[in-house]
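Spelled out from the first residue to the last, the chains are:
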Amino acid sequence: MKRMILGILLSIVVIISGFELWAQDSMDAMQPRQVVLTWQNDPSTTMTITWRTDSQMGSNILRYAESPDAKPRKWKYVQATTFTFDETSGWIHTAELTGLKPDRSYYVVINHPQSPDKFHFTTIPDTRGKRDLVILAGGDSRSRREVRREMNELAARQNPDFVIFDGDFIATALSEQQWDEWFDDWHEQMITADGRRIPVVPAIGNHEIDGGYNQTRDKAPFYFNRFIVPEPRNYYALNFGQDLVLVTLDTDHATSVSEQTGWLDQQLETNRNVRWKLVQYHVAAWPSVRDFDGEIPVKIRNEWIPVLEKHNVDLVIEAHDHAYKKTVPIRNNRQDDENGIVYLGDGGWGAPVRETKNADDYWWLAEAVTIDHFWKITLTKDARTLIVEPVFRPAGTGFTLSK
Ligand SMILES: [Fe+2]
C-alpha cells in the first residue's frame with residue numbers, strides 16, 4: 001500500500017515537473033526577441049517596431065507612453081500584425097506607431113507575462129535648430145560575428161539617431177541561424193546605456209538574396225520580411241526633418257539598376273528644395289578593391305551617377321568591397337574639387353576586410369585602407385554643416401592598467 005502511495009506521489013511530482021518545464025518552454029517561446037526599429041513613414045511622427053517570437057502564441061501587443069512612469073490611462077495599446085514565412089521557424093510581429101510628436105522619447109513595453117521587453121526610442125526633430133542629428137553609415141557585417149559585435153558596441157557608443165546599413169548583413173541569404181545571430185546581437189547591443197533603441201535604415205546586398213543578383217523578391221525572404229521599410233523595401237526614400245533626404249537603392253539584386261533610374265530622378269526632383277541629399281546602395285560604383293570595369297559599377301556610373309550629379313547629391317554611401325574608402329569629389333567621371341560628389345565606403349562592419357588598391361594609383365580614390373570601420377555623419381542643428389568622420393575598430397594596440 002505504502003509503495004503504491006509513494007508511486008502515485010512520485011508520478012504526480014513527475015507530471016508537475018513536466019508541466020512546469022513545458023510551461024516554461026512555452027513562456028520562453030512567447031518571449032519577444034530580436035526587436036528592430038525601422039521607418040515606413042515620417043521619422044518625426046512614426047516608428048515601426050518589429051520583433052520575433054518562437055511561438056505563434058507569442059505576445060503581439062505593445063503599449064507605449066511618453067514616460068516610463070505614465071499613469072495607466074496614458075499608455076496606448078497597439079496590436080501588431082503577426083505573420084510568418086516559409087524559411088523561418090519563428091513568428092514576426094510588426095506595429096507602426098503613428099501620430100507621434102517630433103523630437104520626443106517614447107517608452108515601449110512589449111507584453112510578456114514574465115519578461116516584457118522594455119525600451120524607449122526618440123523621434124527625429126521636424127525643424128532645424130533643435131539638435132544635431134547623428135547618423136552612422138556602414139555595411140557588410142556578414143561572417144565574423146565577434147568583429148561585428150565589437151562594431152555594434154562601438155556604434156551604440158556613438159549614440160546615433162539611426163544607422164544606415166548598406167547591405168550584406170549575413171553571409172548566407174537563407175540561413176536562419178545566421179539571421180538569428182545577427183538579430184540577437186542587434187537586439188542586445190544596438191541600444192544605448194539608458195535603454196534607447198537605435199533604428200536602422202537598411203539596403204539590400206547580394207548576400208541577402210539567394211543567387212546574389214537578378215533574382216526575385218521571394219529569394220530574399222529575411223530581408224523583405226524582417227526589415228519593414230517603405231515598399232517595395234529594396235528601394236525607397238525617407239525624409240529626416242526638413243533638411244535631409246536619404247534615398248536607398250538596390251544594385252541589381254531584386255530590382256535592376258536601370259529600373260530604378262527614373263524613380264531616383266523623380267525622388268530627387270521631389271526633394272529638390274531639401275538642403276542635404278544622401279544616397280546609399282550596396283555595390284560600389286567607385287570600388288576600392290574590385291574591378292572598376294565590373295558590370296554593376298559600369299551600370300551605376302552610366303545610369304545613376306548622372307542623375308545624382310544633376311540633383312547635386314551631397315554624399316553617397318557604398319559598400320561591398322570590405323575596406324575603408326573615401327573618393328575624391330567626382331563629377332563627369334573626373335575629379336572636381338568644386339562641384340564633385342564624395343563617395344564613402346566600402347563596408348567593414350564584420351565582413352573580412354580586403355586588401356585595397358593603392359589609392360595613389362587610381363584617380364577616384366582619395367583614401368583606401370584595409371580596416372573595419374563605419375562612418376559617422378553629423379548634421380549640425382543649424383543644418384548648415386555635415387561633419388563626416390570615419391570610426392575605426394581599435395586595432396588592438398591599446399592596453400589596460402589596473403590595480
Ligand atoms: Fe556584397
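Novice: Break down the pairing of strand β22 (residues 386-392) for me, with residues and values.
Specialist: Note that strand β21 (residues 373-379) and β22 share seven bridges and pair antiparallel. Each residue of the ladder has a partner; that of histidine 373, found in β22, is phenylalanine 392. Linking β21 to β22, which pair antiparallel, is a turn of six residues; within it alanine 383 sits at a positive phi near 65 degrees.

Novice: How would you summarise the coordination of the iron ion if you had to cite specific residues and measurements?
Specialist: Note on the iron ion: its protein donors are Asp168 (OD), Asn206 (OD1), His282 (NE2) and His320 (ND1). The metal-donor distances range over 2.1 to 2.2 Å. Because the angles between the four donor atoms bound to the iron ion fall within 89 to 162 degrees, the donor set is best described as irregular. Donor residues for the iron ion, ordered by position in the chain, follow D-x37-N-x75-H-x37-H. On the criterion of sequence distance, the pair formed by aspartate 168 in the loop between β10 (162-165) and α3 (176-189) and histidine 282 in strand β14 (residues 276-283) is long-range, its members being 114 residues apart. You can call aspartate 168 buried: its relative accessible area is 1%. A relative accessible area of 0% means that histidine 282 is categorised as buried.

Novice: An account of unusual backbone geometry is requested, with residue identities and associated values reported.
Specialist: Note that the residue after glutamate 231, namely proline 232, is joined by a cis bond; omega there is 5 degrees. Position of proline 232 relative to the elements: it lies in the loop between α4 (221-226) and β12 (236-240). Cis rather than trans, the peptide bond between glycine 345 and aspartate 346 has omega equal to -5 degrees. Relative to the helices and strands, aspartate 346 is located in the loop between β19 (342-345) and β20 (365-369). The phi dihedral of asparagine 332 is positive, around 55 degrees, even though this residue is not glycine.

Novice: Break down the domain arrangement of the protein chain for me, citing the residues and quoting the values.
Specialist: Interface extent is often summarised as the accessible area lost during association of the parts. Structurally, the protein chain comprises domain 1 (33-122) and domain 2 (133-392). Spacing between the C-alpha centres of domain 1 and domain 2 amounts to 26 Å. At the interface, 29 residues of domain 1 touch 30 residues of domain 2. Buried area between domain 1 and domain 2, summed over both chains or domains, comes out near 2,400 Å², and the portion from carbon and sulfur atoms is 58%. Linking domain 1 to domain 2 there are four salt bridges.

How each quantity is defined
- Residues numbered from 1 in each chain as written.
- Predicted model: local features only at pLDDT ≥ 70, side-chain atom pairs only at ≥ 80, totals over all residues.
- Heavy atoms only, no water.
- Pairing = 2+ DSSP bridges.
- Helix = DSSP H or I, 4+ residues; strand = E, 2+ residues; numbered from the N terminus.
- Donors = N, O, S within 2.8 Å, 3.2 Å for Na, K, Ca; no water.
- Tetrahedral: all angles 85-135°; square planar, octahedral: opposite > 155°, others 65-115°.
- Buried < 20%, exposed > 50% of the residue type's maximum accessible area, 1.4 Å probe, protein only.
- Domains from an automatic or database assignment.
- Contact = heavy atoms within 4.5 Å.
- Buried area = accessible area lost by both parts, 1.4 Å probe.
- Salt bridge = Lys/Arg side-chain N within 4 Å of Asp/Glu carboxyl O.

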